[in-house]
Amino acid sequence: MSAVEIRPVSGIAVEPWLDELADLRIRVFRDYPYLYDGSPDYERDYLDRYARSEQSLFVLALEFNRLIGAATALPLTDADPEFMAPFERHGPAPERVFYFGESVLLPDYRGEGIGHRFFDLRELYARDFGFDITAFCAVERDPAHPARPHDYRSLEPFWEKRGYRPAPSLTARFPWRDLGEDEETEKTMRFWLREAAEGE
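Note that the structure is a prediction, hence the values are computed from the model and not measured.

Chemist: Whenever I open this one, unusual backbone geometry confuses me. Can you help?
Modeler: Along the chain, Tyr 32 connects to Pro 33 via a cis peptide bond; the corresponding omega equals 15°. Along the chain, Pro 33 turns up in the loop between α1 (18-29) and α2 (40-52). Residues Gly 91 and Pro 92 are joined by a peptide bond in cis, for which omega reads -5°. Mapped onto the fold, Pro 92 is located in the loop between α3 (81-90) and β4 (97-105). Phi at Leu 35 takes a positive value of approximately 55°, unusual for a residue other than glycine. With respect to the helices, strands and loops of the structure, Leu 35 is situated in the loop between α1 and α2. A relative accessible area of 9% means that Leu 35 is categorised as buried.

Chemist: It is not clear to me how α3 should be interpreted in this structure. Could you clarify?
Modeler: One turn of an α-helix holds 3.6 residues; hence residues three or four places apart share an orientation. What α3 keeps buried is the set Phe 83, Met 84, Pro 86 and Phe 87. Looking straight down α3, one finds its buried side chains confined to an arc of 150°; they lie on one side. Exposed residues on α3 whose side chains face more than 90 degrees from its buried face are Glu 88 and Arg 89. For α3, the elements touching its buried residues are β4, β5 (133-139), β6 (165-176) and β7 (185-195). Of the residues one or two after α3, Gly 91 is the one with positive phi, at around 80°.

Chemist: Teacher, can you tell me more about the pattern of salt bridges here?
Modeler: Pairing between side chains of opposite charge can happen when the charged atoms of each approach one another. If you walk through the whole model with that rule in mind, you get 18 salt bridges. Arg 177 is the partner of Asp 37 in a salt bridge, and the nearest nitrogen-oxygen pair spans 3.1 Å. Here the residue Asp 37 occupies a position in the loop between α1 and α2, and Arg 177 occupies one in the loop between β6 and β7, the gap between them amounting to 140 residues. Of the residues examined, Asp 37 reaches a relative accessible area of 25% and is grouped as partly exposed. Residue classification places Arg 177 among the partly exposed residues on the basis of a relative accessible area of 33%. The shortest N-O distance in the salt bridge between Glu 63 and Arg 66 comes to 3.7 Å. In this structure Glu 63 comes out as buried when scored by relative accessible area, which is 13%. Residues joined by salt bridges that share partners form a network here, namely Glu 15, Asp 19, Arg 44 and Asp 48.

Chemist: Just checking my understanding: could you explain the pairing of β4 for this structure?
Modeler: Moving residue by residue along a regular strand, the side chains alternate between the two faces of the sheet. Burial of β4 is extensive: eight of the nine residues sit out of reach of the surface. Pairing of strand β3 (residues 66-75) with β4 involves seven bridges; the strand directions are antiparallel. From the neighbouring strand, Ala 70 faces β4, where its bridge partner is Val 104. Here three bridges tie β4 to β5, and the two strands are oriented parallel to one another. Residue Val 97 lies in a different strand from β5, and its bridge partner there is Ile 133. Crossover connection from β4 via helix α4 (residues 114-128) to parallel β5: handedness right-handed.

Cut-off values and rules
Residues numbered from 1 in each chain as written. Predicted model: local features only at pLDDT ≥ 70, side-chain atom pairs only at ≥ 80, totals over all residues. Heavy atoms only, no water. Helix = DSSP H or I, 4+ residues; strand = E, 2+ residues; numbered from the N terminus. Buried < 20%, exposed > 50% of the residue type's maximum accessible area, 1.4 Å probe, protein only. Arc of directions from axis to C-beta. Contact = heavy atoms within 4.5 Å. Salt bridge = Lys/Arg side-chain N within 4 Å of Asp/Glu carboxyl O. Pairing = 2+ DSSP bridges. Right-handed = clockwise from strand over helix to strand, strands pointing away.

The structure is reproduced here in structure tokens:
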């Protein structure tokens, strides 16, 4: 493994890293399946919500103090209302859920176990605060999408090995502009959940 430091920080302590984290999100999410044509202003507003949450967690991956990856989490009740709405309609109760915002990692550092560390620390943090469910959402794309790389490998097997399952009734619709498009279009996001086993 390269000389990567994994550093958890919480709440407003992440402030010095927000600009780098916004840039990292834009870079990573340009790739399939998100194809996200992001803007620094939107990213900063989005991340500020996490920074304002007293129970938020940012797991930073740093190489020589340069941000090369990050994962975020916060209580679902502190997230944007659009993320909470499916749980209010269908359950489980939002108060039980610790929501994982994203895991982003530059391609050169993948396959070294950093993704597992992102999940390990967020799940531990959730348990320490008394949450028994962890959840995240992921975009759903047509497998025949023309921008899908021929060597694309879905992360679903990785999530399943960690005990996450897609929730049939929990979806949300979010708009963003795909690369090469002029206007935003809505995408379906599927929530994946893991309930802590007894004794965890």
